[in-house]
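# Tertiary structure, described
Next come the chains, spelled out residue by residue.
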Amino acid sequence: MEALLCKKIGDPTVVPPTSSDDSSPLTLSTSHPIPQLNSPTAIRVRVKATSLNYANYLQILGKYQEKPPLPFIPGSDYSGLVESVGPGVSKFRVGDPVCSVAGLGSFAQFIVADESELFRVPDGCDLVAAGALPVAYGTSHVALVHRAQLTSGQVLLVLGAAGGVGVSAVQIGKLCGAIVIAVARGAEKVQFLESLGVDHVVDLTKGSVTESVKGFLKARKLRGVDVLYDPVGGKLTKETMKLLSWGAKILVIGFASGEIPVIPANIALVKNWTIHGLYWGSYKTHKPAVLEDSLKELLSWLTRGLITIHISHTYSLPEANLAFSALKDRKVIGKVMITFDDGNSARSKL
């Protein structure tokens, strides 16, 4: 089968995985062994689409909290069709559309998972879109609904709002009835976020975040930000903490800026802030039922059109370096996908 192998730590944007240049950490194998069913309840899925997440990029760079032994096949959330089932499988049949998330291995034509880890993609739901759902939308759903318990009328501030998790947070925030303030960079991203119905958008190329948000809060007679959704970190976190109300909740999602912010404990004490670290993948070990309920609700929302997944770039596996470059260079609005079996070269919907 075709699979993308990470054979050493490095920058996946440097050269194509098909290149003979050994500076690339990625190598495209066209004859990698097809994974075999390893238990009675195992299922082999023919992957249709797999999503790129910032964590995948960090993992290949060697900067993620989980460092698998080399070589490994990267990749996490995916969708596809059931290709083979073990004798103990009762929930799925060959040909069923499914989606799931794995610790590794989705950047390949086939992947094996236990039936307990798979979710049936409902009729009428786009299979490629379902492959982008688990990590980005799962992160925001658990963060906002389970951890922050966001309610109608609260003010939600989303940093990095045009990225994969940012767009998901904006949509879920609106579904919860929150007043959503989105922060992004550039007119194109601002226009897209406005199309999602956000209440206020801050363009980082046009001045101060604090001044823009304070003006909006004052005009709406709002006391401040109740929930901060932060996948960015760095100086932006420090600046936006000035906007938080008494009793606010801070959701630490990630550090796309490359800089880990310092949250002053003395101010958190005085203002009664609650700080939530959100490592979504760890729920699979510690609270799997939360993930299961979350993904079931998200698939229902996707099928009913309550959320939509914007895929801005789609690539084939040999173009993985271009996919990671789009992610690294902040060219993405929404999600970047790698798809199989469609014969398409790289394309953009922007």
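Within any chain, residue numbers begin from 1 and follow the written order of that chain's sequence. Given that this is a predicted model, residues contribute local features only at a pLDDT of at least 70 and side-chain atom pairs are listed and counted only at 80 or more, while totals for whole chains, interfaces and linings are drawn from all residues. Based on all heavy atoms of the structure, the side-chain values leave hydrogens and waters out of the count.

### Re the UniProt feature "domain: Enoyl reductase (ER)" (unreviewed entry) in the protein chain
Rule in force here: UniProt positions are given in the numbering used here, feature names are shortened, and annotations may be inferred rather than shown by experiment. Helix and strand assignments follow DSSP, with helices taken as H or I runs no shorter than four residues and strands as E runs no shorter than two, numbered in order from the N terminus.
Sequence positions flagged by UniProt for "domain: Enoyl reductase (ER)" (unreviewed entry) are, in local numbering, residues 26–338. Between the C-alpha atoms that bound residues 26–338 the distance is 15 Å, and the span itself is 32% helix and 25% strand.

### Remarks on the nonpolar core
Note the cut-off: As used here, the term nonpolar core means buried Ala, Val, Leu, Ile, Met, Phe, Trp, Tyr and Cys residues forming a set that is joined through side-chain atoms within 4.5 Å. For every residue, the accessible area (1.4 Å probe, protein chains only) is compared with the maximum for its type, and the residue is labelled buried under 20%, exposed over 50%, or partly exposed between those bounds. Marked domain ranges trace back to an automatic or database domain assignment. Whether two residues touch is decided by their heavy atoms; if any such pair falls within 4.5 Å, the residues are in contact.
Tyr-137, Leu-144, Leu-156, Leu-193 and Tyr-229 are the most contacted members of the largest nonpolar core, which has 57 residues in total. At seven residues, the largest contribution of residues to this core is made by helix α10 (residues 288–303). Shared between two domains, this core takes at least three residues from each, and those domains are domain 1 (3–135 + 288–339) and domain 2 (151–278). Every residue in contact with Tyr-229, bar those within four places of it in the chain, is listed here: Thr-139, Ser-140, Ala-143, Leu-144, Leu-156, Leu-157, Val-158, Leu-159, Val-165, Ala-169, Leu-251 and Ile-253.

### As for the side chain of Arg-44
For clarity, the cut-off: By the criterion applied in these results, polar contacts are pairs of N or O atoms within 3.5 Å in which, for protein atoms, one can donate a hydrogen and the other can accept it, and in which residues neighboring in sequence qualify only through two side-chain atoms.
Its location among the elements puts Arg-44 in strand β3 (residues 42–52). There is a polar contact of 3.0 Å between the side chain of Arg-44 and the backbone oxygen of Pro-35. Those residues in contact with Arg-44, other than ones at most four positions away along the chain, are Ile-34, Pro-35, Gln-36, Leu-37, Leu-81, Val-82, Glu-83, Ser-84, Phe-110, Ile-111 and Val-112.

### Digging into the environment of Asn-53
Its location among the elements puts Asn-53 in the loop between β3 and α1 (54–61). On a C-alpha basis, the gap between Asn-53 and Gly-75 in space is 8.4 Å, while along the polypeptide they are 22 residues apart. Look past the residues within four positions of Asn-53 in its chain and what remains in contact with it is Ser-76, Asp-77, Val-135, Ala-136, Leu-327 and Lys-335. Polar side-chain contacts of Asn-53 include one of 2.9 Å to the side chain of Asp-77.

### Regarding the pairing of strand β9 (residues 179–184)
Operational definition: DSSP bridges decide pairing: two strands pair if at least two such bridges lie between them. When the strands point away from the viewer, a crossover counts as right-handed if the path from the first strand over the helix to the second runs clockwise.
Along β9, six of the six residues are buried, which leaves the element largely enclosed by surrounding structure. The alternating pattern of β9 places Ile-179, Ile-181 and Val-183 and Val-180, Ala-182 and Ala-184 on opposite faces, both of which are buried. Pairing between strand β8 (residues 155–158) and β9: four bridges, direction parallel. Across the sheet, the residue bridging to Leu-157 is Ile-181, located in β9. Regarding topology, helix α4 (residues 164–175) serves as the crossover connection from β8 to the parallel β9, and that connection is right-handed.

### A closer look at unusual backbone geometry
Cis geometry marks the peptide bond from Leu-70 to Pro-71; its omega dihedral reads -10 degrees. Examined against the element boundaries, Pro-71 turns out to sit in the loop between α1 and β4 (77–85). Not every positive phi belongs to a glycine, and Gln-149 is a case in point at roughly 50 degrees. Mapped onto the elements of the fold, Gln-149 is located in the loop between α3 (134–147) and β8. Phi angles above zero are rare outside glycine, and Asn-272 is one such case at about 55 degrees. Mapped onto the elements of the fold, Asn-272 is located in the loop between α8 (265–270) and β13 (274–277). What makes Asn-272 partly exposed here is its relative accessible area of 41%.

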